[in-house]
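Chain residues, written in single-letter form:
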Amino acid sequence: MKFDNRTQGPGLVRRRVAVGATATVMGLSAAFGSGLTATAHADVSVSATAPVTGIILGVGATESQRIVSWYSSVGTAQTVEVVAISGNSAKHIVTFPATVAANSVNGGYNGHATITGLKKNTTYSYRVGTKGKWSPTYSFKTQDFKGNFDFLFFGDPQIGSSGDAVKDGAGLQDTLKVSLAANPNAELLVSGGDQVESANNEAQWNAFLASNKLRQYPWAATIGNHDVGGKAYEQHFWTPNTDRSAPYYSGSATTQSGGDYSYIYKGVLFIDLNSNAYANGADAAHIGYVTDTVKKYGSQAKYTVLVYHHSIYSPADHANDGDNQLRRKDFPTAFSNLGVDLVLQGHDHSYSRSYVIKNGAKANPSEKPGAAQVEQGPGGVIYVTANSSSGSKYYDLTAPDTTEDPNYGPDPLNPKSHWANSVENQEHVRTYVKVQVRDDKLVVENLRSGTCAAPNAAVELGKVDWCGPNSGASAAQPVGSAVDKVVIRPSSSTGNGQGNGHGQSNGNGHSNGNGNGHSNNSYSNDNKLTTTAPAAWLQ
Ligand SMILES: [Fe+2]
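Residues numbered from 1 in each chain as written. Predicted model: local features only at pLDDT ≥ 70, side-chain atom pairs only at ≥ 80, totals over all residues. Heavy atoms only, no water.

Brief notes about the overall build of the protein
Right, on to step 1. If you tally the helices and strands in the protein, you get eight helices and 28 strands.
Right, on to step 2. Going through the 539 residues of the protein one by one, you find that 59% of them count as buried.
Right, on to step 3. If you take every contact in the protein between residues at least 6 apart in sequence, the share linking residues at least 24 apart comes to 75%.
Right, on to step 4. If you sum the accessible surface of the protein, you get close to 18,600 Å²; carbon and sulfur atoms cover 50% of it. (Helix = DSSP H or I, 4+ residues; strand = E, 2+ residues; numbered from the N terminus. Buried < 20%, exposed > 50% of the residue type's maximum accessible area, 1.4 Å probe, protein only. Contact = heavy atoms within 4.5 Å. Areas by Shrake-Rupley, 256 points an atom, 1.4 Å probe, with all protein chains shown as cover.)

Below, the structure is given as C-alpha cells:
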C-alpha cells in the first residue's frame, strides 16, 4: 500500500494545471489585505468575478499542514495564498499552487492545495483564486504541536434528509456556532459521515458548506452511505494519505467516492475508513489498511482513533442491518489486537457509548452502565455513535432483538440496551461529541447543541412527535449540557506518551518498537513556510 496525495480514482480525469515543488514568496506589492486590517491595494478587494465557491479547510497529514478544497467555475491555474498574522512566523505571503480538475458531475471544476510548513501558535490568513480574482480572506490558527488538545465529532448532518435543506443547514450552522463558541480552541472538526442526503445535490452541499467555521477549523471528512453514490464528495473534499484502491471504494470507480485515509495530529493517529465498502473481502481490506497504518505510524502515536460511518454497536434503527452484523463480526478483535483506543461512528442518528470492548466482548462484566470513568486495559476499545449534528433526522432507540442477531442481545445490567452499550440516548435534539486528549486519559462527552426549539428540522417539520429526555416526558435540557461524559484511562498511565500499555501485547499496538520506523515512516513536517524573505504583510 502506498500513500500518495495525488492518487486518482480510475475514471476521474484530473488535470494538473499548476505544479510547484516549493512555495513562492511574493513581494510587498502583492500583499493582500485581510478583514482585520485591509490595506489599499489594487489586488485587495474581493473580485465580483472571483471564480471560487465552496471553500473548505481540511486536515493535512500532520498538525503542520492543512488542505484547502473548493469549487471553481474555471479550470485555469489557481493558488492559495497564506500569510501569518500572529505568532513567530515571518510575515510574508506564501503561495501554494493548486491542483484543478474538471468535475465529473454538476459541471465546473474543483481545486485543492496542501498548505505545509505551518508553525505552532500562529494565526494565518488565506485566500483562494488567481490574481485580481480572489475569494474572501479567511483565517485559521495553529496551537502547540505537542500535548493536550480537544477535537469535536459531528454525526450525520445529512443536509436535505428532513426534506428542507435550508432548515437542515441552519441546524448544522447552529451546532458549529454553539460548539465552537463553547470550545474555541478545539483543533479538529471530525465528521461522522453523511454530509448530505443526496450525493450529487449541490444545493445540499451549499447548505452544508454555508458556515464560515468550515473555513476556520479543519473538517476531517468521513464518507457516509448518502455521500458515496456520486463524485461530489471527492470533488468537495481532498483528504491526506488517501488510498482509493478498489476494496475501499464500494463499487464503480466512475460513480463512487471515498477511500481510506489517515493522518497524525499531535500524537493521535486518526484512521478514517470508507465503511460503505464492506462485502467481498472489503472488511479484511480495511483491517489490512488499519494494520499497515498502525505498524507504520503507531510508534509516533499516543492514541489511535478510528473513524467510519456505519456504527457497529448501533442503538437504534440500524442496529441489526445485515452489513453491520457483518462488521460486528469482522472488526472488533482486529481493533483490539491493533491497540485502537477509540472508534467514532455515525449512521444511526442516536447516541451510544460502549463499555470497554475487548475482542468483541465486554472486557469487564462488572462495568456499570453509564460509568463516569473506565479503565481501558490491554485491547480495550470504546465505541461511540454520534447523534445528528443538524437535527435533520433522528432514529429512535430500538430494543435488542436476538432473532435478528443472536450476538447483539440485551445488556444483563440494563436489558433495554444492547449488551455492548454503556449509554444509549435519543432526545430528538442536536448534539456533538467533544473529545479531550490528555497524556493520561481521553475524555469523551456528548453535549447538546440545541433544544426542542428551532433550528431543529425534524421537530419543526413533525418528523418526530416528541422531544426531550425520557421520550419527551422531561423538559429539554439547555444547550451546552451533557448527555454523557466518560473519562477513559489507559491501563497504565505512565504519561510518557509512548508505549504506555494500552496497546495489545502482540506488538502491533502502540509499542515504541525498535525506533527504526520513525525516519522512514514519519509523516512529513516540512518547512515550506520558512523563508528568509522580508515580511510583506499588512500595514
Ligand atoms: Fe448513514
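Remarks on the pairing of strand β18 (residues 351-354)
Right, on to step 1. The alternating pattern of β18 places Tyr351 and Arg353 on one face and Ser352 and Ser354 on the opposite face, and all of these are buried.
Right, on to step 2. Where β18 lies against strand β25 (residues 421-425), four bridges are found, and the strand directions are antiparallel. When the bridges of β25 are listed, Tyr351 appears paired with Asn425.
Right, on to step 3. For β18 and strand β22 (residues 382-385), the ladder comprises two bridges, and the chain directions are antiparallel. For Ser352, the partnering residue across the bridge sits in β22 and is Thr385. (Pairing = 2+ DSSP bridges.)

So, the state of the cysteines
Right, on to step 1. This model, assessed by the stated rule, comprises one disulfide.
Right, on to step 2. A disulfide bridge connects Cys452 with Cys467, and the sulfur atoms are separated by 2.0 Å. Looking down the S-S bond of the Cys452 and Cys467 bridge, the torsion is -95°, so its handedness is left-handed. You can see Cys452 sitting in the loop between β27 (441-448) and α7 (457-460) and its partner Cys467 sitting in the loop between α7 and β28 (482-489), a full 15 residues away along the chain.
Right, on to step 3. Relative accessible area serves as the criterion here: at 25%, Cys452 is assigned to the partly exposed category. (Disulfide = S-S within 2.5 Å.)

Some remarks on the pattern of salt bridges
Right, on to step 1. A full pass over the atoms with the stated rule returns 13 salt bridges.
Right, on to step 2. Between Glu460 and Lys167 there is a salt bridge, with its nearest N and O atoms 3.0 Å apart. Taken together, the residues Glu460 in helix α7 and Lys167 in helix α1 (residues 165-182) connect sequence positions 293 residues apart.
Right, on to step 3. Notably, a salt bridge pairs Asp405 with Arg328, separated by 2.7 Å at the nearest N-O pair. A residue pair is termed long-range when its members are at least 10 positions apart, and Asp405 in the loop between β22 and β23 (410-411) and Arg328 in helix α5 (residues 322-330) qualify at 77 residues. Pair check on accessibility: Asp405 and Arg328 agree, each one buried. (Salt bridge = Lys/Arg side-chain N within 4 Å of Asp/Glu carboxyl O.)

Thoughts on the nonpolar core
In globular proteins that are soluble, nonpolar side chains generally tend to be buried together.
Right, on to step 1. Ranked by size, the top nonpolar core spans 63 residues in total, and within it Phe151, Leu188, Val190, Tyr263, Phe270, Leu342 and Tyr383 carry the most contacts.
Right, on to step 2. The biggest single contributor to this core is helix α4 (residues 282-297), with six residues.
Right, on to step 3. Judged by nonpolar contacts, the second largest core, of 26 residues, contains Leu152, Leu176, Leu180 and Leu209. (Core = buried A, V, L, I, M, F, W, Y, C linked by side-chain atoms within 4.5 Å.)

Digging into α1
Since the α-helix turns once every 3.6 residues, residues separated by three or four places project in the same direction.
Right, on to step 1. For α1, built from 18 residues, the straight-helix expectation of 26 Å at 1.5 Å per residue is met to within 8% by its first-to-last C-alpha distance of 26 Å.
Right, on to step 2. Buried within α1 we find Asp168, Gly169, Gly171, Leu172, Asp174, Thr175, Leu176, Val178, Ser179 and Leu180.
Right, on to step 3. Measuring from the backbone nitrogen of Val166 back to the side-chain oxygen at the start of α1 gives 3.0 Å, which picks out Asp164 as the cap. (Expected span 1.5 Å × (residues − 1). Polar contact = N/O pair within 3.5 Å; in protein donor to acceptor, adjacent residues only side chain to side chain.)

Observations concerning the side chain of Lys231
Right, on to step 1. By the element assignment, Lys231 lies in the loop between β13 (219-220) and α3 (232-236).
Right, on to step 2. With a relative accessible area of 2%, Lys231 lands in the buried category.
Right, on to step 3. If sequence neighbours within four positions are ignored, Lys231 has contacts with Ser104, Val105, Asn200, Tyr249, Ala253, Thr254, Thr255, Gln256 and Ser257.

With respect to empty space enclosed by the protein
Right, on to step 1. What the rule picks out here adds up to three cavities of 30 Å³ or more.
Right, on to step 2. In this model, the largest cavity occupies a volume close to 60 Å³.
Right, on to step 3. In this structure, the largest cavity is lined by Thr222, Ile223, Tyr233, Glu234, Phe237, Thr239, Arg244, Gly258, Gly259, Tyr261 and Asp272.
Right, on to step 4. Considering only residue class, the lining of the largest cavity consists of four nonpolar, four polar and three charged. (1 Å grid on protein atoms, 1.4 Å probe; cavity = no way out; pocket = protein on both sides within 12 Å on 5 of 7 lines; lining within 4 Å. Points joined across faces, edges and corners; volume = space filled by probe spheres on them. Nonpolar A, V, L, I, M, F, W, Y, C, P; charged D, E, K, R; others polar.)

Purely geometric numbers; function is a separate question.
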